[in-house]
Amino acid sequence: FCCLFVFLEMEKLVACPYKRPNALCRLICFPWAGGGTSQLAQWGKLFNSSTEVSSIRLPGRESRLKEPFAKDMTTIVNEITTVLLKELQEKPFAFFGHSFGSYISFAVALHLKEKYGLEPIHLFVSGAHAPNSEEFLHIKSIPVCDAKDEDILTYIQFLGGTPPELMQNEDIRKHLIHTFKEDIRVLQTFSFETSERNIPFSCDITCFNGSEDNPYDSEAWHDLTSGDISFYKLPGGHFYLLEPSNEIFLTKHITKCIENASL
């Protein structure tokens, strides 16, 4: 019964269409605000057999549509770590997050390190500020609950990443705006303070960004790990990672980093 419960919780939280039980490493992906698992879970077919790719599915979307949205970052972090802990203890893992997903991946990694002494072999962040930067504090001050739906819609369209034909459907449009608002609200509940003496991670961190996206304060990531930090700008805007050529670069580069982490 216990095994069944764990299996069901895992199926609910994690999309992994290309299961590789013999993989040497797991790459766990965290989608952007308003996003689901469809794009990043499909990365599984772009990796070789040594890496199993899965994507986190948050409440309020896809097969979890009827569940209430998470109210804060702690709730999300607790669910992810509780469900995945045993798997993460079994074999090496790396995290990839884009935008909102970068912050969730960081919060989960931080919790795993502080509570269980577990750490990803590599943290890949994309389209995000370092969570200890001034710019991140600015995100926390945006009054999302007061924002008009039209303004949120304009912003989502400005960022790109959502097929225009989906925006034609009123129900989908409303749900996307609602999901986006809820995700930003969760993001605003996350606070992280660095202390002089405490560098949270020792793993390497790679920051990816689109060349035409708003600039991100990535430099502050240097204070968050004793490992190496590298930066890559790929052609495109905020959703540069959906371009097939960029996807190929990302998956090849991530594979190389995982292999170099000396599995």
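Residues numbered from 1 in each chain as written. Predicted model: local features only at pLDDT ≥ 70, side-chain atom pairs only at ≥ 80, totals over all residues. Heavy atoms only, no water.

J.: Just checking my understanding: could you explain unusual backbone geometry for this structure?
T.: A negative phi angle is the norm for most residues apart from glycine, just as the trans form is the norm for most peptide bonds. The backbone of Glu62 shows a phi angle near 50°, a positive value even though the residue is not glycine. Mapped onto the fold, Glu62 is located in the loop between strand 3 (51–56) and helix 3 (73–90). For Glu62, a relative accessible area of 35% corresponds to the partly exposed category. Not every positive phi belongs to a glycine, and Ser99 is a case in point at roughly 60°. Tracing the backbone through its elements, the reader meets Ser99 in the loop between strand 4 (93–98) and helix 4 (100–116). (Helix = DSSP H or I, 4+ residues; strand = E, 2+ residues; numbered from the N terminus. Buried < 20%, exposed > 50% of the residue type's maximum accessible area, 1.4 Å probe, protein only.)

J.: Would you take a moment to explain the packing of helix 6 (residues 149–159) against helix 8 (residues 170–187) for this structure?
T.: In a packed pair of helices, the relevant descriptors are the angle between the two axes and the axis-to-axis distance. Helix 8 packs onto helix 6 with a crossing angle of 90° between their chain directions and a minimal axis gap of 10 Å. The angle between helix 6 and helix 8 places the two elements in the roughly perpendicular class. Counting all contacts with helix 6, which are made through Asp149, Ile152, Leu153, Tyr155, Ile156 and Leu159, the residues of helix 8 involved are Arg173, Leu176, Ile177, Phe180 and Lys181. Grouping the amino acids of the contact of helix 6 with helix 8 by side-chain chemistry returns 8 nonpolar, no polar and 3 charged. (Axes fitted to C-alpha atoms, helices over the stretch in contact; angles between N-to-C directions. Parallel < 35°, antiparallel > 145°, perpendicular 65-115°, else oblique. Contact = heavy atoms within 4.5 Å. Nonpolar A, V, L, I, M, F, W, Y, C, P; charged D, E, K, R; others polar.)

J.: When you look at the packing of helix 3 against helix 4 in this model, what are you seeing that I'm missing?
T.: It is at 9 Å that the axes of helix 3 and helix 4 come closest, and there the two elements cross at 60°. Classified by the interaxial angle, the pair formed by helix 3 and helix 4 is oblique. Relative to helix 4, helix 3 is oriented so that their crossing is right-handed. Seen from helix 3, the contacting residues are Met73, Ile76, Val77, Asn78, Ile80, Thr81, Leu85 and Leu88; seen from helix 4, they are Tyr103, Ile104, Ala107, Val108, His111, Leu112 and Tyr116. When grouped by side-chain class, the residues that make up the contact of helix 3 with helix 4 number 12 nonpolar, 3 polar and no charged. (Left-handed = near helix turned anticlockwise from the far one by under 90°.)

J.: Explanation requested: the pairing of strand 4 in the structure shown.
T.: Side-chain positions along a regular strand alternate between the two faces of the sheet. In terms of burial, strand 4 is largely enclosed, as 6 of its 6 residues are buried. Every second residue of strand 4 is oriented toward a common face, with Phe93, Phe95 and Gly97 on one face and Ala94, Phe96 and His98 on the other, all of them buried.

J.: For this particular structure, what's the right way to read the nonpolar core?
T.: One finds Trp43 and Phe96 to be the most contacted residues of the largest nonpolar core, which totals 78 residues. Looking at which element gives the most residues to this core, the answer is helix 4, with 9 residues. In contact with Phe96, not counting residues within four places along its chain, are Leu27, Ile28, Cys29, Phe30, Leu40, Trp43, Phe124, Ser126, Phe208, Leu241 and Ile254. (Core = buried A, V, L, I, M, F, W, Y, C linked by side-chain atoms within 4.5 Å.)

J.: In this structure, what is going on with the pattern of salt bridges? I would like to understand it.
T.: Applying the stated criterion to the full structure yields 14 salt bridges. The salt bridge involving Glu119 is made with Lys113; its shortest N-O contact spans 3.3 Å. Glu182 is the partner of Arg185 in a salt bridge, and the nearest nitrogen-oxygen pair spans 3.1 Å. Taken as a pair, Arg185 and Glu182 lie in helix 8 at a separation of 3 residues, close to a single helical turn. Since its relative accessible area comes to 8%, Glu182 is described here as buried. Here the salt bridges do not stand alone but share partners, grouping Arg26, Glu52, Lys86, Glu87 and Glu90 into one network. (Salt bridge = Lys/Arg side-chain N within 4 Å of Asp/Glu carboxyl O.)

J.: Sorry, what's going on with helix 4 here?
T.: An α-helical segment advances 3.6 residues per turn. Residues three or four places apart therefore align on the same side. With 17 residues, helix 4 should cover 24 Å at 1.5 Å per step; its first-to-last C-alpha distance of 24 Å lies within 8% of that length. Of all the 17 residues making up helix 4, 13 are buried; the element is thus mostly covered by neighbouring parts of the structure. (Expected span 1.5 Å × (residues − 1).)

J.: I would appreciate a short explanation of the environment of Pro200 in the present structure.
T.: On the secondary structure map, Pro200 appears in the loop between helix 8 and strand 6 (204–210). Sequence-wise, Pro200 and Leu110 are 90 residues apart; in three dimensions their C-alpha atoms are separated by 7.0 Å. The residues touching Pro200, leaving out its near neighbours within four places in the chain, are Leu110, Lys113, Phe192, Asp223 and Leu224.

Read these as layout, nothing more, since geometry by itself doesn't imply function.
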